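Report on the structure
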Amino acid sequence: MPPDPDPVQLAVNVLVLASLYALISCGYVLIYRVSRVLSLAHGELMMLGAYGLAVCASLFSGHPLLALAMSLVLALTSGLAVYGALMWRMTGESVLAAVLATIALGILLRGAMILAFGTQTLYPLSALGWTNPSIPLGDSARISAASLALVASTAVVYGALFVGLRRTRWGVRMRAAGQNPLLAAQRGIRLHAVYALAWALATFTGGVAGMLIACDAGIEATMAIIGLKAFPAALVGGLDSLAGALVGAAIVAIAEVLMIHFVDPLLSDVVPFFVLLAALALRPWGLFGTREELDRV
Amino acid sequence: MSLPKASGYFRTRYEDDAALLDTRWRCGAFACLLFAMAVFPFVASQFALDLANQIFLTAIGAVALMLLTGYAGQISLGHAGLLAAGAFTAGILYRELSAPIWITLPAAASVGAALGFIFGLPSLRLRGLYLAVSTLALHFLVVHVGQEYETRRGYSTGVVIDPPSVAGFTLADARAWYAVLLATCIATVLFALNLLRARTGRAWRAIHGREAVAEALGIDVRWAKLTAFVVSCTMTTVAGCLFAYYRGFVSAEAFSLFVTIQYVATVIVGGVGSILGALLGTVFVVLFPYGIEAAMGALGLTERLASIAFAVNYAAFGVVMLLFLAFEPQGLAGIWRRVQNWFLLWPFRQRPTGR
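Quick look at the overall build of chain B
Tallying secondary structure elements over chain B gives 14 helices and 4 strands in all. The C-alpha atoms of chain B give a radius of gyration of 21 Å, which matches the 20 Å a tight globule of 355 residues would have. Buried residues in chain B amount to 50% of all 355 residues. Sequence-distant contacts in chain B: of pairs separated by 6 or more residues, those separated by 24 or more amount to 74%. Carbon and sulfur atoms make up 66% of the accessible area of chain B, which amounts to about 17500 Å² in all. Charge-centre separation for chain B: the mean point of 25 positive side chains lies 11 Å from the mean point of 17 negative side chains.

And the structure:
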């Protein structure tokens, strides 16, 4: 049995993990809500964002803020590129075809990234010239600067999305296209533009998550698994609900951290899938999701 | 069954409608194929023999997945987990109880049936993407259980299994494996074709088309779905068990998500809804890595990319799968049908409408 963990530190760990899962899940939710496509390539797109940061850091060495800004722009445009090159063909195809297309895209991206960058671990934070100090919270807990940035980014991203989806014109268009694509198209909403925007935003948030993980722990070839582990968080909350993604991420993070500390550290990879199966057995459409997908014949 | 693809053949009995080989040409072609496959191990190199064995082994799993996803329409992303279950059943029984193959094979089949029931339970409530996700989660759980066994028992690199022996005859030679795997593959294909011609297959096609209509026609949808899962999963675990014996080695890393995607690719690339598609897809997926290797050698890139050859494989596989999904949704079987139709309908381009 590991030594009794400090409850404040446990809470901090849960908060950081939940923020990570929430940031990744909002990508799943955005794409699913707007275009009803489940993007299983999100983990690889996250890695793409992280590698983008490493590339920009080495390209613009000496100007870390510029490198950061360029990598954010790169993440946004790579989402647009993914939609423009591939996913627009899959609109209207069957569920299986679209999901398989994203899986194939993920495989392609993984191979391409290993070919381009090799298999060794990269540390973009040192390339940027910044450090990752450990900040004490109170007298017993510590949090790393990158994790603090992660929590802050999640809050900012979710706040912006909540306001944007309700107040801005494009946000309303996205919600309309998600609710009823045919009607939205007939009202003059350009569906391809809306879907491209959803993919761009999703890849952007995933890229931010990837960059922050890379700053904390470096880029490894196995980072894409975190993307897959965050998927149950999206599903538990409801695949088309952003608020649900927050709640789902909290649930999965609590379950995982408690399991790691009190049962077995090796279970960390499987706990999200236990939660997923429990959610599918009890409430498949998630806590806040719309029910119509499953009962429609 | 479809119309005969040659003129002069008229069906006079109901049995003719359901027959597998209906024209003389087809019987002749099938006889030639059987002869070629029987002669193959005596003329082929060791490498080609190993390839053929791999094709037959993969074909069993591919036909099983085609029955489940292509005909019954139940999306399953848990295929590698089932293979792992079969392989680990063989491995665990061999290590713990020194069980011979005629115990482990039925044991693997029963584990497959039980897992099929468990994998199939979500399908009673969920459809499409949610079902795919539940099978994905179950895959991870099964592979995790296998990994736990490996770590707890200290087999860090994997469980080693001796070649199986039945009645004193040890199955270690590639030619002997060829005969066994060919027989199993033919039995599997025959089983699948017969199942599809019978009431079960028709029920599966019905629930794939429209569940409500199938229910209205009196088909028990729950029974059909569960049967699809149980049959498919049993076949897959048996394939996994044979895989364990063929390789002589069981390790959890060999059953990654990429293996599942390869099997799904056999269904997609082969063509959904045809057993021929499953076989063509299998040949494609098994030969693909060797083709990439040959292409790399021809381009002179072998030494530079040797350490990351699997990444080239991944990238090429992703590209090919995307191309098939975007441009050839009917897969290789669809291409074959187009070629057939071109010859059959010549000099016409397509069938006249309103026939």
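Quick notes on the overall build of chain A
Helix and strand counts for chain A stand at 13 helices and 2 strands. Against the compact-globule benchmark of 19 Å for 297 residues, chain A has a radius of gyration of 19 Å, which places it among compact chains. The buried share among the 297 residues of chain A stands at 53%. A fraction of 75% describes how many contacts in chain A between residues 6 or more apart in sequence connect residues 24 or more apart. With an accessible surface of roughly 12800 Å², chain A has 67% of that area assigned to carbon and sulfur atoms. In chain A, 16 side chains carry a positive charge and 14 a negative one; their mean positions are 19 Å apart.

Regarding the interface of chain B and chain A
Residue-level contacts link 39 residues of chain B with 42 residues of chain A. The interface formed by chain B and chain A includes 1 salt bridge. Salt-bridge contacts for A:D264 lead to B:R152; the nearest nitrogen and oxygen are separated by 3.5 Å. Among the secondary structure elements, those contributing two or more residues to the side of chain B that touches chain A are α6 (128–153), α11 (257–270) and α13 (309–327) of chain B. Considering each element in turn, the side of chain B that touches chain A owes the most residues, 13 residues, to α13(B). For the side of chain B that touches chain A, the residue count by class is 30 nonpolar, 4 polar and 5 charged.

Focus on the packing of aromatic side chains
Tallied over the full model, the rule gives 17 aromatic pairs over all chains. Look at B:W177 and B:Y246: their rings are 5.4 Å apart centre to centre, the planes differ by 85°, and that puts the pair in the edge-to-face class. Taken together, the residues B:W177 in helix α7 (residues 174–197) and B:Y246 in helix α10 (residues 221–247) connect sequence positions 69 residues apart. The exposure class of B:W177 is buried, given its relative accessible area of 3%. Centroid distance B:F258 to B:F317: 5.3 Å. Interplanar angle 70°. Geometry classified as edge-to-face. Placement of the pair is B:F258 in helix α11 and B:F317 in helix α13, with a sequence separation of 59 residues. Taken individually, B:F258 and B:F317 each receive the classification buried, so the pair is uniform in this respect. Three or more aromatic residues link up through ring pairs in this structure, and these residues are B:F258, B:F284, B:F288, B:F310, B:Y314, B:F317 and B:F324. The ring of A:W170 has A:R173 lying over it, and the distance from NZ or CZ to the ring centre is 4.7 Å.

A short note on the packing of α11(B) against helix α12 (residues 275–299) of chain B
Describing two packed helices takes the angle between their axes plus the distance from one axis to the other. All names here are of chain B. Between α11 and α12, whose axes approach to 7 Å, the crossing angle comes to 125°. Taken together, the axes of α11 and α12 are oblique relative to one another. α12 is crossed by α11, and the crossing has right-handed handedness. Touching Q262, A265, T266, V269 and G270 of α11 are G277, A278, G281, T282, F284 and V285, all from α12. Per-class residue counts for the contact of α11 with α12 are 5 nonpolar, 6 polar and no charged.

What about the state of the cysteines?
Applying the stated criterion across every chain, the model contains 0 disulfides over all chains. Of all cysteine sulfurs in the structure, the one in A:C215 sits closest to A:C26, which takes part in no disulfide; the separation is 18 Å. With relative accessibility at 0%, the residue A:C26 sits in the buried group. The closest cysteine sulfur to the non-disulfide-bonded B:C185 is located on B:C241, 17 Å from its own sulfur. Look at B:C185 and you get buried, because its relative accessible area is 8%.

Some words on the pairing of strand β2 (residues 141–144) of chain A
Residues and elements named next belong to chain A. In terms of strand pairing, strand β1 (residues 134–137) meets β2 through 4 bridges, oriented antiparallel. Looking at the pairing, S134 lines up with S144 of β2. In sequence, β1 turns back onto β2 through a hairpin of 3 residues, with G138 there showing a positive phi of about 70°.

Looking at the nonpolar core
A:L38, B:W204 and B:F317 are the most contacted members of the largest nonpolar core, which has 203 residues in total. Ranked by residues supplied to this core, first place goes to helix α1 (residues 7–35) of chain A with 18 residues. Here B:F317 is in contact with A:I107, B:F258, B:I261, B:Q262, B:A265, B:V285 and B:F288, once residues within four sequence places are set aside. The next biggest cluster of nonpolar side chains, apart from the first, holds 10 residues, and it includes A:A67, A:A75, A:L128 and A:A146.

Some remarks on the pattern of salt bridges
Side-chain pairing between opposite charges can occur once the charged atoms of the two side chains come close. Residues and elements named next belong to chain B. Applying the stated rule across the entire model yields 10 salt bridges over all chains. Notably, a salt bridge pairs E148 with R152, separated by 2.9 Å at the nearest N-O pair. Residue E148 and its partner R152 are located together in helix α6, separated by 4 residues, close to a single helical turn.

Cut-offs and rules
- Residues numbered from 1 in each chain as written.
- Chains lettered and ligands numbered in written order.
- Predicted model: local features only at pLDDT ≥ 70, side-chain atom pairs only at ≥ 80, totals over all residues.
- Heavy atoms only, no water.
- Helix = DSSP H or I, 4+ residues; strand = E, 2+ residues; numbered from the N terminus.
- Rg over C-alpha atoms; globule rule 2.2 N^0.38 Å.
- Buried < 20%, exposed > 50% of the residue type's maximum accessible area, 1.4 Å probe, protein only.
- Contact = heavy atoms within 4.5 Å.
- Areas by Shrake-Rupley, 256 points an atom, 1.4 Å probe, with all protein chains shown as cover.
- Lys, Arg positive; Asp, Glu negative; His and termini not counted.
- Charge placed at Lys NZ, Arg CZ, Asp CG, Glu CD.
- Salt bridge = Lys/Arg side-chain N within 4 Å of Asp/Glu carboxyl O.
- Nonpolar A, V, L, I, M, F, W, Y, C, P; charged D, E, K, R; others polar.
- Phe/Tyr/Trp six-rings, centres within 6.5 Å; stacked < 30°, edge-to-face > 60°.
- Lys NZ or Arg CZ within 6 Å of the ring centre and 35° of its normal.
- Axes fitted to C-alpha atoms, helices over the stretch in contact; angles between N-to-C directions.
- Parallel < 35°, antiparallel > 145°, perpendicular 65-115°, else oblique.
- Left-handed = near helix turned anticlockwise from the far one by under 90°.
- Disulfide = S-S within 2.5 Å.
- Pairing = 2+ DSSP bridges.
- Core = buried A, V, L, I, M, F, W, Y, C linked by side-chain atoms within 4.5 Å.

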